[in-house]
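Structural features, examined
Listed below are the residues making up each chain.
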Amino acid sequence: MGWYVTLALHGIANFSRGVSTSEPSSVVRLRSEPNPKEWMTTDFVIVRSREELQHAVDARLNGVMIIGDDCVESLQEIAELPRLISVSGKFDYLSDGDIIGFHPASKRFRTLYRRTSRHNSFLVTDRCNHYCLMCSQPPKDIDDRWILGEIKSALPLIDKNTRSLGFTGGEPLLDWCEFMDVLTICRGELPHTAIHVLSNGRAFARDEVVAAWAGIRHPNLTVGIPIYAAVDHIHDHVVQARGAFDETVLGVLKLKDKGQRVEIRVVLHALTAPRIVETCKWFARNLPFVDHVALMGLENTGFAIANAEALWIDPIDYQSQLATAVDLLVSAKLNVSVYNLQRCVLDQSVWPYAVQSISDWKSGYAEECDRCIEKDRCSGFFTSGRPRRSRGISPILAS
Amino acid sequence: MARFQPVEAFHPAEDTLQLLPFRFERAEGHYLVSNMVGDFVRLSSDELTRILDLRVRPGDGLYEKAYAAHLISGADQNAQRQLLAFRLRSRLAFLRETTPLHIFVVTLRCEHSCPYCQVSRQSTDRSRFDMSKETARRALDIAFESPARRIKIEFQGGEPLLNFALISTIVSAAKARAATADKKVDFVIASNLALLDDAILAFCKANDVLLSTSLDGPADLHNKNRPRPGGNSYELATKGIRRAQAVLGPERVGALMTTTEASLDRVEDIVDEYLRLNLDGIFLRPLSPYGFAVKTKAFRKYDATDWLTFYERGLKYILEINRCGRHFPEFYATLILKRMLTDRPLGYVDLRSPAGIGLGALVYNYDGKVFASDEGRMLAEMGDKTFELGHVTDSYRSLVLSDKLIELIGSSLTQCAPECADCVFETHCGADPVYHHATQADPIGIKPLSEFCARQKGVMRLLLRLLESSPQDAAILRRWGGM
Amino acid sequence: MDVTTSDVLVEFSVAVQSLGALQAAAYRLIGTATCQIDRIADRWVCTLTPVSGSKKAPQGSAALEIHFLDLVTDENLRERIALRTDSVRNVILSLAFGSLAGSSNNDH
């Protein structure tokens, strides 16, 4: 949804050997060199050249990941390696500590975790009980519960120094029981890693779900929950589900009653931005105890494109309302951040709260931005989907 | 293939709306309405009746306004009811921290003779008007029996610095006990600062003691209110303030003013005086009708209307100062704004229902008698013992759970009082059983006759007008309220 | 009961006007005017006597009558609101302070 890199970075391996299994997915951790002290059967050493390939053969390595465009299938050395996967050079970003999920039958793989990235996120499921008009990850009605198993396998392999990890979807709490297990594993394997879950929050209207969540006693767990208006039918319409507002607000209350960390998110578009002052006034008055409020510019991808007519609004046209809304929240001592909006379309009073939030792999700048003095602090634009620019984009030349 | 439903598909079915409790009062050509937790909206007469009859539909604007203000709900919805319950609990959470304030009247002696002073004037050489160590010890016992995790000990008099030795003893003893009792203790000395010296200041600094003094305005105004042999009360007060600020830091020195008839036309001068002395804000408050004020009939010299004019003028002047960039809050407005804009329970004991007498504050007199409030003690000086709860030899529980106190608190609850129970401002107001007893011989009072009520409504109406009419002032006021 | 020239008489039908609302309106008038409520046949008869020297009193009999009628209208409205909302009010109060609140975490 714009804050985390959705690691659906995927591809098809050129070939593989020795990685046969009845599981739908095999989790593989990549290493730049073998480390006998913490070697796991899931570790594969990266090989990028023939020279490295020879080293691997000489060392009789049991797991090798070949990255490159040279055709290596017919090489004699290959025959001596018991387990290997070969992928094309476009995955050259893969490096030590990264984790992939590999399907031997189809040779498909997905990058699950990149150690050097600041925004790692696991997609828990593509299923959802909402159908948001602007959904950037449109739901699919498929049985993908195997993903939870894949995540559980990957978690012990993740670098223990990872600062934060996200869980998103779809709706991660659809299989809430098993998802709680995932969080428990996080607590055990990654006690120093902050966990951020994106959810519509409706599961928390049920006491047993909140009890289970609180029962994990995770030291640093936050759930980000969208609330799009102070009025039931407006929120329900945006998320395309009757009764959503009532359950979501109740869920937030129950979570905070149990001392859990909650962030409220609002995606700004034509149905939510014109009312943002009333909505934030409502947050300040009714939910002042939430840990954070995130106000987010629209990413024009997924369903947002299908509903562009109904959703598009130029950020310049809600600039002053957004400034008033932020001031209201700040006065009520709420923590506020503004994501995905360029500094030139924001009122200057909002700049202290504007965060560089668009992941580097899908962000860019326009030509005129080269002359802008705020470029280094600006979040830039989404390059994903069909980028749509405000008429207010122009370089800021002097203060 | 994605299929999206229009907004009409999410409208509630006909006849599934429910009204939530609300109150109202007439304003100019419309109604001011508040919900169960005190959120305000303004409605025309037509809008009010439409809401009452539930003749509202999603998309008509009024539905949205009423829903966001918790005036209407879906009959089968739960969140708003839970939200209102949650917020109500927050607003009353002060009840969990019973008796955070403990006032020690360490001496009745004083060298001033202010016409409105509620303390009987005893000359400085009669030490039988000093609190004894034994009384202080027992009072401390009671203070530490109160459940509040953080208590404030306030030293008053007479002039408390005349018995500084005892203050010093009490502070040391309290700090020692706080360490083992897992309580936090704050200290304040309410003094005229005329007797301030280096030793006292060093002590305050070492023990983090706040100094609170009186400053009624510029020299002529202040001296008129506070006659001192030598006529130099103002000079001593300002010198004391500056000296204390230099040693303790400006944030540890506060001043309170008392509005007399002479102040009514001088509010700008008073504010300027506070600014000049680098004080961090001002508390504009009216005279209370006790003690010498009654004897000198000073309290009848201005009524609620006069005071509200003074207050509005002062507040507007202060807002202008804030608009020019200097942060300088008016503390009474700040209190009311916190009540109106947030649900955070406040430590201020004088504006709450159930009343703060006994439950919020206990006063230990120099002679060992215990009172439910400072004003209650002053009434006793005039022979009225209605608010005398007992003696320092009693336990905290027996004092606070006494039939006398429960009766006084129970009978003055604004939630049940005539007119208060229907008042649009009730959730932001409080009971003042001492004031109403003193002026109407009844803890609840007939509110149409109550100057307290008239002042409260006046301040709240003024603040609401300012919040709505001027965005710049509203931003300033909201920041005060969020502090 | 003497009716002086400055008194105002306002009548209501017992069939449509509750006594409680009249009494509440009379209460709000304390300090401005005294209000004596009598029942004569099927009518409530309210005798309003302005309090001399009251700063708040509306000027003139017509203004006092209008003021009193407004107060009665307001009290009738309050009765209607109470009728419609007292039960949900009790639900909310019990949620806030009753046994349903018992299981909640008290540390906010």
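Quick caveat: nothing in here was measured; it's all calculated off a predicted structure.

1. Here we look at the overall build of chain B
The helix and strand tally for chain B stands at 18 helices and 13 strands. Over its C-alpha trace chain B gives a radius of gyration of 25 Å, about what one expects of a compact globule, namely 23 Å for 483 residues. Its C-alpha atoms give chain B principal-axis dimensions of about 90 × 50 × 50 Å. For chain B, the residues scored as buried account for 48% of the 483 residues in total.

2. Here we look at the domain arrangement of chain A
Residue and element names in this part refer to chain A. Domain boundaries in chain A define domain 1 (10-110) and domain 2 (118-382). Tallying the contact residues gives nine residues for domain 1 and seven residues for domain 2. Within the residue set of the side of domain 1 that touches domain 2, elements represented by two or more residues are β3 (26-31) and β7 (99-103). Its residues assigned to classes, the side of domain 1 that touches domain 2 comprises four nonpolar, four polar and one charged.

3. Points about the domain arrangement of chain B
Taken domain by domain, chain B consists of domain 1 (14-76) and domain 2 (98-400). Placing a centre on the C-alpha atoms of domain 1 of chain B and another on those of domain 2 of chain B gives a separation of 43 Å.

4. Side note on the sheet that holds strand β2 (residues 33-40) of chain C
Residue and element names in this part refer to chain C. One open sheet holds the three strands; their spatial order is β1-β3-β2, and the pairing between them is antiparallel. At either margin of the open sheet sits one strand with a lone partner, and together these are β1 (8-13) and β2. Averaged over all pairs of adjacent strands, the angle between strand axes in this sheet comes to 20°, irrespective of strand direction. Bridging between β2 and strand β3 (residues 43-50) involves eight bridges; their strand directions are antiparallel. Looking at the pairing, D38 lines up with V45 of β3. Packing of helix α1 (residues 19-28) onto the sheet brings it into contact with β1, β2 and β3, and relative to β2 it is tilted by some 160°. Set on the sheet, helix α2 (residues 61-97) makes contact with β1, β2 and β3; between it and β1 the angle comes to about 30°.

5. Topic: helix α5 (residues 164-181) of chain B
All names here are of chain B. If you check α5, its first and last C-alpha atoms are 25 Å apart, about what 18 residues at 1.5 Å a residue would give, namely 26 Å. Among the residues of α5, L166, I167, I170, V171 and A174 are the ones counted as buried. The buried side chains of α5 occupy one side of the element, clustering within an arc of 135° when seen end-on. The exposed residues of α5 that point more than 90 degrees off its buried face are A165, S172, A176, A179 and T180.

6. Some points on the interface of chain C and chain B
Each side of the interface is counted separately: chain C has 20 residues, and chain B has 22 residues. Only α1 and α2 of chain C provide two or more residues apiece to the side of chain C that touches chain B. Looking at the side of chain C that touches chain B, the element that brings in the most residues is α2(C), giving 13 residues.

7. Examining the sheet that holds strand β4 (residues 40-43) of chain B
Two modes of strand pairing occur in sheets, parallel and antiparallel, and in both the strands are linked by backbone hydrogen bonds. Residues and elements named next belong to chain B. Taken in spatial order, the three strands of this open sheet run β2-β3-β4, and their pairing is antiparallel. Looking along the sheet, the strands with just one partner apiece sit at the ends: β2 (22-27) and β4. In this sheet, neighbouring strand axes are inclined to one another by 25° on average, regardless of whether the strands run parallel or antiparallel. Bridging between strand β3 (residues 30-35) and β4 involves four bridges; their strand directions are antiparallel. The residue bridging V33 from the neighbouring strand is V41, located in β4.

8. Quick word on the pairing of β4(B)
Where burial is concerned, the two faces of β4(B) differ: the one with V41(B) and L43(B) is buried and the one with F40(B) and R42(B) is not. Joining the antiparallel neighbours β3(B) and β4(B) is a turn of four residues, in which G38(B) adopts a positive phi near 90°.

9. As for the interface of chain A and chain B
Between chain A and chain B, the contact holds 26 residues from the first and 23 residues from the second. Listing elements by their share of the side of chain A that touches chain B, those giving two or more residues are α5 (232-239), α6 (244-257), α7 (276-286), α8 (303-306) and α10 (319-331) of chain A. Looking at the side of chain A that touches chain B residue by residue, the classes come out as twelve nonpolar, six polar and eight charged.

10. Topic: the nonpolar core
V64(A), L329(A) and F104(B) are the most contacted members of the largest nonpolar core, which has 240 residues in total. For V64(A), the residues in contact, after removing those within four places along its chain, are F44(A), V45(A), V47(A), A56(A), L81(A) and L84(A).

11. Some words on the environment of P139(A)
Residue and element names in this part refer to chain A. Structurally, P139 can be placed in the loop between β9 (120-125) and α2 (146-154). The exposure class of P139 is buried, given the 20 C-beta atoms found within 10 Å. Sequence separation between P139 and E171 is 32 residues, and the spatial gap between their C-alpha atoms is 8.9 Å. Discounting chain neighbours no more than four positions away, the residues touching P139 are D126, R127, C128, Y131 and G170.

Calculation criteria
Residues numbered from 1 in each chain as written. Chains lettered and ligands numbered in written order. Predicted model: local features only at pLDDT ≥ 70, side-chain atom pairs only at ≥ 80, totals over all residues. Helix = DSSP H or I, 4+ residues; strand = E, 2+ residues; numbered from the N terminus. Rg over C-alpha atoms; globule rule 2.2 N^0.38 Å. Buried ≥ 20, exposed ≤ 12 C-beta atoms within 10 Å, placed from the backbone. Domains from an automatic or database assignment. Contact = placed C-beta atoms within 7 Å. Nonpolar A, V, L, I, M, F, W, Y, C, P; charged D, E, K, R; others polar. Pairing = 2+ DSSP bridges. Axes fitted to C-alpha atoms, helices over the stretch in contact; angles between N-to-C directions. Expected span 1.5 Å × (residues − 1). Arc of directions from axis to C-beta. Core = buried A, V, L, I, M, F, W, Y, C linked by C-beta atoms within 7 Å.

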